[in-house]
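Architecture and fold: a report
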Amino acid sequence: MAFEHYRNLCAGSLTPCPGMNVIYGRNAQGKTNLLEAVWLFTGGRSFRGARDGELVAFGQEKAALHLQFYSEEREQEAELTIQNGRRSASLNGVPKRSPAELVGKFRAVLFSPEHLSLIKSGPALRRNFIDAALCQVKPAYAPLLSRYHHTLVQRNALLKDIPRHAELLDTLEIWDDRLARYGDAVARERAAYIQKIEAPARELYAGISENKEQFGIQYQKSAENLREALAAARRDDLQSGHTTVGPHRDDLEVTVDGVSARAYGSQGQQRSLVLALKLAEADVLEQEGGEAPVILLDDVMSELDAGRQHYLLNRLDGRQVFLTCCEPGAVKRLEEGALFEVRRGELYVPTSGAGHGD
Ligand SMILES: Nc1ncnc2c1ncn2[C@@H]1O[C@H](COP(=O)(O)OP(=O)(O)OP(=O)(O)O)[C@@H](O)[C@H]1O
């Protein structure tokens, strides 16, 4: 992996080992920037919600990233450049029309402290958890989801225009049909993914929690038949100026012993559930894609107690992991990994560590 003028990372490269790669350093040195750069090769956007233009180092015009990876049983390489507020990509020397065309090529699972509030946060984070995973499991899902969101934006604009232009009311039918078609497909894919993830997540949760609690997970649709629900909600939608039913309002319900983990789960239970869901995401990605995804753990170890840290590291044995932390000595076993220190945007390989790189 090589980078140039990416956020505070000036110019350098990282040669990781196939197992645990520990990227450590003090706060605000560039550790997360490095993981974010790796994540961009999944074809998605910055996991911090940054605009593309914000990824270019202050005072520079262009950022460049290069990644060599093994996928589809061969060595591949991808390049990303960010210039004029836009990302562009190439794969094995061939320019792509959009970076989204990289989706499904290089696959990764990201686990960061924000995910720890997955159970108790609002539904948007839970929908995002499903969508981010599903885009990689099934690359055709990404354009479907973006068609749904595009149609939703159009319908909402129309809902706001109709009170001033009554003649537009007839066109609402067309948008309802389109939204229902894409929306039903989005909800179907999400529900199928949740079904797939349930068994591995249940097994993982049993392993982490070491007791016999029953784990359950269910995709909750805001409407069974979206076309009918849109018609029924039309008056409300026209009044509020936005669409009140559809997959953008759906949620994910996680239960322990039959009761909502969000409403009743302890903080410990919620953390174990998130850990189980994230590890299950990696298992499903591997099952479906035939290859193990790369695991990106951003600053998550310090948020987990010793038992959960131990479980996580054991379960990830044999996978390629990139983990950021402030102090590798604080977590048992991390010092056995390849160590990379980040200091003010520069990458160093400590001479006493087991790490290697350039
Ligand atoms: N476009 C940019 N150009 C230059 N520097 C940037 C840019 N965007 C962010 N930074 C700098 O990157 C640094 C933050 O890096 P990063 O988020 O990777 O920190 P970190 O090492 O993960 O720290 P922590 O342990 O606190 O999470 C900040 O100093 C910030 O000012």
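On a predicted model such as this, the values are computed, not experimentally measured, just so you know.

Topic: the pattern of salt bridges
Any two side chains of opposite charge can pair, on the condition that their charged atoms come close. Applying the stated rule across the entire model yields 30 salt bridges. The partner of aspartate 283 in a salt bridge is arginine 319, and the shortest N-O contact between them spans 3.0 Å. With aspartate 283 in helix α8 (residues 267–289) and arginine 319 in the loop between α9 (306–315) and β13 (321–325), this pair connects stretches of sequence that are 36 residues apart. Across this residue pair, the class does not change: aspartate 283 and arginine 319 are buried.

With respect to the sheet that holds strand β1 (residues 2–6)
The six strands lie next to each other as β2-β1-β4-β5-β6-β7, forming an open sheet whose pairing is antiparallel. Each edge of the open sheet is held by one strand with a lone partner, namely β2 (9–13) and β7 (94–95). Both strand β5 (residues 74–83) and strand β6 (residues 86–91) contribute to a ladder of six bridges, which runs antiparallel. From the neighbouring strand, isoleucine 82 faces β6, where its bridge partner is arginine 87. Taken strand by strand, helix α1 (residues 31–40) contacts β1, β2, β4 (62–71) and β5, and its axis lies near 115° from that of β1.

Digging into the UniProt feature "domain: RecF/RecN/SMC N-terminal" (unreviewed entry) in the protein chain
Following the UniProt record, the feature "domain: RecF/RecN/SMC N-terminal" (unreviewed entry) maps to residues 11–333 here. Helix makes up 42% of residues 11–333 and strand 20%, with an end-to-end C-alpha separation of 30 Å.

Focus on the side chain of serine 112
One can find serine 112 in the loop between β8 (108–111) and α2 (123–137). Non-local contacts of serine 112, meaning those with residues more than four positions away in its chain, are made with Asp298 and Val300.

A word on the UniProt feature "binding site: ATP" (unreviewed entry) in the protein chain
The feature "binding site: ATP" (unreviewed entry), as annotated in UniProt, sits at Gly25, Arg26, Asn27, Ala28, Gln29, Gly30, Lys31 and Thr32 in this numbering. Locating glycine 25 in the fold gives a position in the loop between β3 (20–24) and α1. By relative accessible area, glycine 25 is classed as buried at 4%. Among all residues touching glycine 25, those that are not within four sequence positions of it are Lys31, Cys325, Cys326 and Val342. Mapped onto the elements, asparagine 27 comes out in the loop between β3 and α1.

Section: the packing of helix α3 (residues 141–161) against helix α4 (residues 172–209)
Here α3 crosses α4 at 145°, and the two axes come no closer than 9 Å. Pair α3 / α4 crosses with left-handed handedness. Side by side, α3 and α4 meet where Tyr141, Leu144, Leu145, Arg147, Tyr148, Thr151, Leu152, Gln154, Arg155, Leu158 and Leu159 of the first sit next to Leu172, Trp175, Asp176, Arg178, Leu179, Tyr182, Gly183, Ala185, Val186, Glu189 and Arg190 of the second. Here the residues of the contact of α3 with α4 are counted per class, giving 13 nonpolar, three polar and six charged.

Cut-off values and rules
- Residues numbered from 1 in each chain as written.
- Predicted model: local features only at pLDDT ≥ 70, side-chain atom pairs only at ≥ 80, totals over all residues.
- Heavy atoms only, no water.
- Salt bridge = Lys/Arg side-chain N within 4 Å of Asp/Glu carboxyl O.
- Helix = DSSP H or I, 4+ residues; strand = E, 2+ residues; numbered from the N terminus.
- Buried < 20%, exposed > 50% of the residue type's maximum accessible area, 1.4 Å probe, protein only.
- Pairing = 2+ DSSP bridges.
- Contact = heavy atoms within 4.5 Å.
- Axes fitted to C-alpha atoms, helices over the stretch in contact; angles between N-to-C directions.
- UniProt positions renumbered as here; feature names shortened; annotations may be inferred.
- Left-handed = near helix turned anticlockwise from the far one by under 90°.
- Nonpolar A, V, L, I, M, F, W, Y, C, P; charged D, E, K, R; others polar.

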